Amino acid sequence: MTNEPLRGANSAPSQRPLADTHAPAEGDGVDTSPDVSDSVAKTTCYMCACRCGIDVHIKDGKVRYINGNKDHPVNRGVLCGKGSAGIMQHYSPARLKKPLLRTGPRGSGEFREIEWEEALSIATKRLSNIRRTDPKKLAFFTGRDQSQSLTGWWASQFGTPNFAAHGGFCSVNMAAGGLYTIGGSFWEFGEPDWDNTKYFMLFGVAEDHDSNPIKIGLGKLKARGAKVVSINPCRTGYNAIADDWIGIRPGTDGLFVFALIHELLKAGRVDLDYLLRYTNAHLLVIQEPGAADDGLFMRDDGGNPLAWDRVAKMPVDASNADAKPALTGSVLVDGRRGVPVFQLVADRYLDESYSPDAVADRCGISADTIRRIAAELAHVAFEQQIELPVAWTDWAGHRHETIKGRPVSMHAMRGISAHSNGFHTCRAIHLLQVLLGTVDVPGGFRFKPPYPRSAPPGPKPAGKTVKPMTPLDGMPLGFVCGPEDLLIDEAGKPIRIDKAYSWDAPLAAHGLMHTVIRNAWAGDPYTIDTLFMYMSNMAWNSSMNTVETMAMLTDVDASGEYKIPFIIYSDAYYSETVPFADLVLPDTTYLERHDCISLLDRPISHADGPGDAIRHPVVEPDRDVRPFQTVLIELGARLSLPGFVEDDGSAKYRDYADYIVNHERTPGVGPLAGWRGKDGASVGKGEVNPDQLQRYIDNGGFWHQDFDADQRYYKMANRSYLEFAKSMGFIPKAEPIVFQLYSEPMQRFRLAARGHGRVLPEAERSRVETYMDPLPFWYAPFEEAAVDGQAYPLHALTQRPMHMYHSWGGQNAWLRQITSQNRLFVHHRTAAGLGLVDDDWVWIESINGKVKGQISLIDGVNADTVWTWNAIGKRRGSWGLKDDAAESNRGFLLNHIIGDQTSADASGKRYSNSDPVTGQAAWFDLRVRIVKCTAEEAGFTEPQFERFRQPPGFQPSPDKLSFGAEFRREREAAE
């Protein structure tokens, strides 16, 4: 069929701003649109990672209410309950008010207030000594801060390799799985073609990320009659409105996907032309067991990968667009056997072990259902192809008169990522998409700029050499292509405290934040001096094995000194982690500071054009707090870090706003892409524009540029797009991005495990060879494989509710009214077998411990799975909640019983409970049993912990927290 050209993502006429938003006067004299604010400030929401545009209505210097910005490219005016409740986040009783210095034992909450000068002097003295002696002794880890281009650069200039953000316990499997395969990723870096797709599959998607665009998109699909298929053990939110809910067993998604691939290969329903044009399916792989290059690509004398021309009957440069490469068979080239990648794909996935009948029981899905889904995919992809009447030119100069697409799209999130087999499952989903020819085509999954990039992208992680008073030679995080890129010393010992980029986790593109506290406590691989954390609740819901984690934070050595000598923590609120800090640097709320949602970090682009955004202060702080980014910049100047000071030693940047405008990562490229150049007329690259922030503010807080019609699809091979991407600095050269069905970088690690190369693993050889497979495969998650399934028969999951995000939402007075106590959701049939009824209190037991909570019986869950909302349970004394709050008395936290280490292997070694490829935290591999409580045990949660003391200056928590009465009184008085 032929479709009209697209207007742009999320841009249906019904989502455009109204021409006149003021209602006409009513006959009864009632003003239905009263003026309720003095001004409206347009900025960016921070109640989740969606980064929606918001209108903040200000009255007498206070926030009156918040609604969606109708002009914003992300949400087009749509705003969820979290965004509207930002008022109560801003005015939360849990807000920190002044810098704090610990006076009592760690974990007690005993502090004294200090001035900012004293706080910064303490931090500067501590950090300066580390930088003069051994920069590795600083471990700097940040949470969901959305400013990683700054924080990572600060770490690099300080000279410590020990930096990462929250991605290692959140989404690195998703990111790395995509970036090493197609040069892009699910999550926030791509989106379905909502306007054209006819068959949409959600894998492990909850409602907490990217929620408004997904809701808008799902609305479009439902309105058009497109089919939505959900693969998720839990039927909530998006999954509840799916046309087809596949209640899969946790951790078996990869098996399910491979069975779909098996069926498509058997039926010959794969897009061979797409594979030849855009992937490495035709590259010849050396088949010579024992050789040092076995499994690598055959290359000519110039290093170019080879393919076999089936017409000329000879090897050719695989990048030759005019060749006729073979996809199957086996050939000899100079006496060496070579096989095309696609042949290896077919050999693996056509094996009967991946057939629907073979995987059905393990997945908890009938073989007939698997076959039906495969048939539906094939039918929509190949029988309902769409074609847009738009001409475009590919990278080789070939003109195409139309843009063709297969209208199948997919989206995946943490339900896939948070397993110890998640990396290969993420790759499997991308393999499925590519075989169908549905990546960056009309109706398929589409890249958001600055993606796609080469697979894998650059740069490589820096930190091989760490010297006092010396910056790293690059950024701490990056992408390795072989063992030589690992951050290990000559003895093979990890250089980073989290063991990222070591043999434990070679492709750890986001670091392993969840291992930092244990490793620092154990001195493995070495001791540190200072743990510097920002906005990450690592003593509670951002940590596995919470009870032990809190013990590690307070543990002392034989001399009575803390094993983690000093902890600096910055947060806006009195979370469960603040009491464990030695020095607390209070942050502002998101309505009181500048932020930069940058193309260098986590932009607000959509598939039809790049975009970025800012936050800016819409109200002034009423407390002695400072934005963390500005504090970090001041610390950089006090420490005389290169790039943070002028030649005369004076501070280079006044604050974060000054940094956003004036910092350049490379000549002409700064944090913001819009309105560059002295006159603001440049895009992407250009001189510094002193008025750049004001231009953003005047435009509603964002910049966005639409692609030309011929740039919107096939970005991996579209000449016009590639030239644009080069001009913007997204890619170094306007060359095609080749999708990697077979990952040669991973094969290099396998060869090292076999003893080939200069950098070799020792004790890790079997582990490396097994899991660094160049083709995705399935294996049982580690904890599931280690735990007695008879004793612990149930899978246990956590997910965030649509109306909350991380632990921030659990303190919000409006959102607490929706959920102040979480339940353990249990299938009716499972509960009946255990003699349980609705509202029973139960012990939830794992090999790591037990926690007590109340159950709720449902139908919409896999019968072998129980689940609960994350981060509802709180510790008494935190978040400004009263002692009788439901969150701390009846709510519970499953983290208490999730182990942070695997069971010991044959040699006695225990690894992080993580994916062995990327180090992604395996939150969702937990196995449990549930046991009914006695009557005496019912009614309250356990474990309980000593109540935190309140910081100085904190007022008692109110019995009732309301908002808006003063505005009503003013209005009534005026009447």
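Here the residue numbers are simple positions, counted from 1 along each chain's written sequence. The predicted nature of this model means local features are confined to residues of pLDDT at least 70 and side-chain atom pairs, given and counted, to a pLDDT of 80 or more, with totals for whole chains, interfaces and linings taken over all residues. Water and hydrogen atoms play no part in the side-chain values, which are based on all heavy atoms of the structure.

A.B. asks: Outline the packing of helix H8 (residues 253-267) against helix H11 (residues 356-363), supporting the account with residue identities and numerical values.
C.D. replies: As a rule, the C-alpha atoms of each element are fitted with a line to give its axis, helices using only the stretch in contact, and angles between N-to-C directions run from 0 to 180 degrees. We count a stretch as a helix when DSSP gives it H or I for four or more residues in a row; a strand needs E for two or more, and each element gets its number in order from the N terminus. Where H8 meets H11, the axes come as close as 9 Å, and the angle between the chain directions of the two elements is 160°. In terms of orientation, H8 lies roughly antiparallel with respect to H11. As H8 runs across H11, the sense of the crossing is left-handed. On H11, the residues touching Leu 255, Phe 256, Ala 259, His 262 and Glu 263 of H8 are Pro 356, Val 359, Arg 362 and Cys 363. Residues that form the contact of H8 with H11 fall into these classes: six nonpolar, one polar and two charged. Every angle not falling under 35 degrees, over 145, or within 65 to 115 is termed oblique; those three ranges are roughly parallel, roughly antiparallel and roughly perpendicular. For any helix crossing, the convention is left-handed if the near helix is rotated counterclockwise from the far helix by under a right angle, and right-handed if that rotation is clockwise. We call two residues in contact whenever any of their non-hydrogen atoms come within 4.5 Å of each other. Gly counts as polar in this scheme, as do all residues outside two lists: the nonpolar Ala, Val, Leu, Ile, Met, Phe, Trp, Tyr, Cys and Pro, and the charged Asp, Glu, Lys and Arg.

A.B. asks: A description of the sheet that holds strand E27 (residues 611-615) should follow, citing residues and the corresponding values.
C.D. replies: Taken together, the three strands give an open sheet; going across it, the order is E26-E27-E28, and neighbouring strands pair in antiparallel fashion. Two strands in the sheet have a free side with no partner beyond their single neighbour: strand E26 (595-597) and strand E28 (702-704). Neighbouring strand axes in the sheet, compared pairwise and without regard to direction, differ in orientation by 10° on average. Taken together, the three bridges between E26 and E27 define a ladder with antiparallel strand orientation. Its bridge partner being in E27, Ile 597 is matched across the sheet by Ala 613. The rule for pairing is simple: two strands pair if DSSP sees at least two bridges between them.

A.B. asks: So what about the pairing of strand E33 (residues 865-869)? Which residues, and what values?
C.D. replies: The buried fraction of E33 is high, at five of five residues. The cut-offs for exposure are 20% and 50% of the maximum accessible area for each residue type, with area from a 1.4 Å probe on protein chains only; residues under the lower value are buried, those over the upper are exposed, and the others partly exposed. Judged by which residues are buried, E33 turns out to be covered on both faces: Thr 865, Trp 867 and Trp 869 on one side and Val 866 and Thr 868 on the other are all buried. With five bridges joining them, strand E29 (residues 794-799) and E33 adopt parallel strand pairing. Bridging across to E33, His 795 finds its partner in Thr 865.

A.B. asks: So what's going on with H11? Which residues, and what values?
C.D. replies: The complete set of buried residues in H11 reads Pro 356, Val 359, Ala 360 and Cys 363. Buried residues in H11, looked at end-on, bunch into an arc of 125°, giving them a common side. In H11, the exposed positions that point more than 90 degrees away from the buried face belong to Asp 357 and Asp 361. Against the buried residues of H11 lie H8 and helix H12 (367-383). Positive backbone phi, at 75°, marks Gly 364, one or two positions downstream of H11. Starting at the helix axis, one direction is taken to each C-beta atom, and the arc is that of these directions.

A.B. asks: Go over empty space enclosed by the protein, please, and point to the residues and values.
C.D. replies: It is a probe the size of a water molecule, rolled over the atoms, that shows where empty space is left. The pocket and cavity definitions rest on a 1 Å grid over protein atoms only: a 1.4 Å probe that fits but cannot leave marks a cavity, an open set with protein on both sides within 12 Å along at least five of seven lines marks a pocket, and residues lining either have an atom within 4 Å of a point. Grid points are joined across faces, edges and corners, and a volume is the space filled by probe spheres set on the points. Summed over all chains, the structure comprises 13 cavities of 30 Å³ or more. Quantified by volume, the largest cavity comes out at close to 260 Å³. Lining the largest cavity are 25 residues, and of these Arg 144, Met 535, Asp 571, Tyr 573 and Trp 808 lie nearest its centre. Here the residues of the lining of the largest cavity sort into 10 nonpolar, 11 polar and four charged.

A.B. asks: Just give me the short version of the nonpolar core, but keep the residues and values in it.
C.D. replies: Note on terminology: a nonpolar core comprises buried Ala, Val, Leu, Ile, Met, Phe, Trp, Tyr and Cys residues joined through side-chain atoms within 4.5 Å. Counting 281 residues, the largest nonpolar core has Trp 154, Met 201, Phe 203, Phe 256, Leu 377, Met 410 and Ile 844 as the members making the most contacts within it. Dropping the residues within four chain positions of it, Met 201 is found in contact with Val 229, Ile 231, Phe 256, Leu 260, Ile 373, Leu 377, Ser 409, Met 410 and His 411. Formed by eight residues, the second largest nonpolar core is a distinct cluster that contains Leu 284, Met 298, Trp 308 and Val 333.

A.B. asks: Give me the confidence of the model for the protein chain: which residues, what numbers.
C.D. replies: Summary statistics for the protein chain give a mean pLDDT of 94 and a share of 97% for residues scoring 70 or more. Note: pLDDT gives the predictor's confidence per residue, expressed from 0 to 100. This stretch, residues 1-16, has a pLDDT under 50; its non-local contacts, to residues over four places away or in other chains, come to 48 contacts.

A.B. asks: Got a sec to walk through unusual backbone geometry? Specific residues and values, please.
C.D. replies: Note the cis peptide between Pro 449 and Pro 450, where omega equals 15°. The omega angle of the peptide bond from Tyr 451 to Pro 452 is 10°, so this bond is cis rather than trans. Looking at where Pro 452 falls in the secondary structure, it is placed in the loop between strand E22 (445-447) and helix H15 (516-522). If you check the backbone angles, Tyr 501 has positive phi at about 60° while not being a glycine. Its place among the elements puts Tyr 501 in the loop between E22 and H15.

A.B. asks: Hey, could you go over the pattern of salt bridges for me, with residue numbers and the actual values?
C.D. replies: Here, a salt bridge means any side-chain nitrogen of Lys or Arg that lies within 4 Å of a carboxyl oxygen of Asp or Glu. If you walk through the whole model with that rule in mind, you get 62 salt bridges. The network of salt bridges with shared partners includes Arg 95, Glu 592, Asp 622 and Arg 623.

A.B. asks: Go over the sheet that holds strand E1 (residues 39-44) with me, naming the residues and quoting the values.
C.D. replies: One open sheet accounts for three strands, arranged E1-E2-E3; its pairing is antiparallel. Two strands in the sheet have a free side with no partner beyond their single neighbour: E1 and strand E3 (62-68). Strand after strand, the sheet turns through a mean of 30° between neighbouring axes, direction not considered. Bridging between E1 and strand E2 (residues 53-59) involves six bridges; their strand directions are antiparallel.

A.B. asks: Tell me about the packing of aromatic side chains, and please be specific about residues and values.
C.D. replies: Ring pairs are drawn from Phe, Tyr and Trp, using the six-membered ring of Trp, whenever the two centres fall within 6.5 Å, and their geometry is named by plane angle: stacked under 30 degrees, edge-to-face over 60, tilted for the rest. All told, the structure shown has 46 aromatic pairs when counted by the stated rule. When the ring of Tyr 274 is compared with that of Tyr 278, the centres are 5.0 Å apart and the planes differ by 65°; the resulting orientation is edge-to-face. Pair noted here: Tyr 274 and Tyr 278 are both in helix H9 (residues 272-278), with a separation of four residues, about one helical turn. When its relative accessible area of 3% is taken as the criterion, Tyr 274 is described as buried. Judged by its relative accessible area of 7%, Tyr 278 is buried. Centroid distance Tyr 779 to Phe 782: 5.9 Å. Interplanar angle 25°. Geometry classified as stacked. There is no split in this pair, since Tyr 779 and Phe 782 are both buried. The structure contains a cluster of three or more aromatic residues connected by ring pairs, namely Phe 140, Trp 154, Phe 158, Phe 163, Phe 532, Tyr 534 and Phe 628. Lying over the aromatic face of Tyr 562, Arg 106 brings its terminal NZ or CZ to 4.1 Å of the ring centre. Should the NZ of a Lys or the CZ of an Arg lie within 6 Å of a ring centre and within 35 degrees of the ring normal, that charge is described as sitting over the ring. For Arg 800, the ring lying beneath its charged end belongs to Tyr 805, and the centroid distance is 5.5 Å.

A.B. asks: Talk me through the state of the cysteines; I want residue IDs and the actual numbers.
C.D. replies: Working definition: a disulfide is two cysteine sulfur atoms within 2.5 Å of each other. Scanning the model with the defined rule gives zero disulfides in all. With no disulfide of its own, Cys 234 has Cys 363 as its nearest cysteine by sulfur position, at a separation of 16 Å. The cysteine Cys 596 is free of any disulfide, with Cys 45 supplying the nearest cysteine sulfur at 17 Å. With relative accessibility at 3%, the residue Cys 596 sits in the buried group.

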